[in-house]
Amino acid sequence: MSLERLQKILAQAGLASRRQAEALILAGRVQVNGQVSQSLGARADPELDRIELDGQLIQAREKLGYYMFHKPAGYLTSLADPQNRPTVKVFLKKLPIRVYPIGRLDYDVSGLLILTNDGELARRLMHPSFEVPKLYRAQVRGVLTPERLKRLSSGQILIEGKPAAPARARLLTSGPDRGWLELVLTEGRHRQVKRMCAAVGTPVEVLKRLGYGGLRLDPNLQPGDIRPLKGQEILTLKAQAQLT
Ligand code: URA
């Protein structure tokens, strides 16, 4: 972290406007590491220094970060595993701020994961009422007949006794014993694509997520790569979460 003027730190913590913060400093109400600081040019490090207003510690507001991650297969999305399998933490710890995945992908599934520390955005995008579309490409065993594709999109497949919401299923290629399809789901139930495909008699062999909430996996991002989201991409996600 770097040194910043006290009035900026107070303003960023949401305690006052910059001008109000200057008045607070001049009035001797701000302390840095136990010393009153009445200089408008004074700087401090909001992460390292103890900054107080009227004796109350100021918490620096965390900087929000948003990233696109190409999760490789062979990693857990959760950050700790009792069985000691590799987790996505090895990739996340290279970032300058602490962020978390929005939702999960299974251990053997690769593709798009959004990472952020924006808790409100994450909470909304994971909530079923926002019906965030998730695009998957799957290789399945068996023949993808028109009837099976219709059933996948029907909203009539039961998962743990509850029907899966209608999905969009599109055939990509179909061979004599396996095929590829794309599925768009608006729910995120546990192992949903695998369970839906198994329910129609075509179990998944390979699964990748290519889209999330209107964003597509950047084709330049190799498995294991992370890049910051662009401004427009953040806006797309916020619009999806009705946070504009
Ligand atoms: N559906 C699955 O079966 N697994 C995933 O990781 C995501 C969706």
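For the structure itself, look to the data block above.
Below is a short write-up of the structure. (Residues numbered from 1 in each chain as written. Predicted model: local features only at pLDDT ≥ 70, side-chain atom pairs only at ≥ 80, totals over all residues. Heavy atoms only, no water.)

1. Remarks on the packing of aromatic side chains
To describe a pair of aromatic rings, one takes the distance between the centres and the angle between the planes.
Now for step 1: Summed over all chains, the structure comprises 2 aromatic pairs.
Now for step 2: Relative to Phe-91, the ring of Phe-69 lies with its centre 5.3 Å away and its plane at 45°, an arrangement referred to as tilted. Taken together, the positions of Phe-69 in strand β7 (residues 66–71) and Phe-91 in helix α3 (residues 89–92) put the pair 22 residues apart, joining distant regions of the chain.
Now for step 3: Given the relative accessible area of 0%, Phe-69 is considered buried.
Now for step 4: Plain terms: the ring middles of Tyr-75 and Phe-91 are 4.9 Å apart, the flat faces sit at 70° to each other, and that makes the pair edge-to-face. Pair noted here: Tyr-75 is in the loop between β7 and α3 and Phe-91 is in helix α3, with a separation of 16 residues, a long-range link.
Now for step 5: Overall, Phe-91 belongs to the buried group, its relative accessible area being 10%.
Now for step 6: Taken together through their ring pairs, the aromatic side chains of Phe-69, Tyr-75 and Phe-91 make up a single cluster. (Phe/Tyr/Trp six-rings, centres within 6.5 Å; stacked < 30°, edge-to-face > 60°. Helix = DSSP H or I, 4+ residues; strand = E, 2+ residues; numbered from the N terminus. Buried < 20%, exposed > 50% of the residue type's maximum accessible area, 1.4 Å probe, protein only.)

2. Things to note about the site of the ligand
Now for step 1: Around the ligand, the surrounding shell consists of Leu-105, Asp-106, Val-109, Tyr-136, Arg-191, Gln-192, Val-193, Lys-194 and Leu-207.
Now for step 2: In this structure, Asp-106 approaches the ligand through a main-chain N or O atom, which is 2.7 Å from an oxygen atom.
Now for step 3: For the ligand, an oxygen atom lies 3.4 Å from a polar atom in the backbone of Arg-191.
Now for step 4: Coverage of the ligand by the protein chains reaches 95% of its 240 Å² of free accessible surface. (Near = heavy atom within 4 Å. Polar contact = N/O pair within 3.5 Å; in protein donor to acceptor, adjacent residues only side chain to side chain. Areas by Shrake-Rupley, 256 points an atom, 1.4 Å probe, with all protein chains shown as cover.)

3. Some words on the side chain of Glu-4
Now for step 1: Inspection of the secondary structure assignment puts Glu-4 in strand β1 (residues 4–5).
Now for step 2: Note on Glu-4: relative accessible area 11%, which makes it buried.
Now for step 3: Ignoring anything within four residues of it in the chain, the contact list for Glu-4 reads Ile-9, Gln-12, Ala-42, Arg-43, Ala-44 and Pro-46. (Contact = heavy atoms within 4.5 Å.)

4. Some thoughts on a nonpolar patch on the surface
Now for step 1: A cluster of nonpolar side chains, Leu-172, Trp-180 and Val-206, forms an exposed patch at the surface whose accessible area comes to about 220 Å².
Now for step 2: Assignment of secondary structure puts Leu-172 in strand β13 (residues 168–174).
Now for step 3: Residue Leu-172 is classed as partly exposed on the basis of its relative accessible area of 31%. (Patch = residues over 30% accessible without salt bridge, like charges linked within 9 Å, V, L, I, M, F, W, Y side chains within 5 Å. Salt bridge = Lys/Arg side-chain N within 4 Å of Asp/Glu carboxyl O.)

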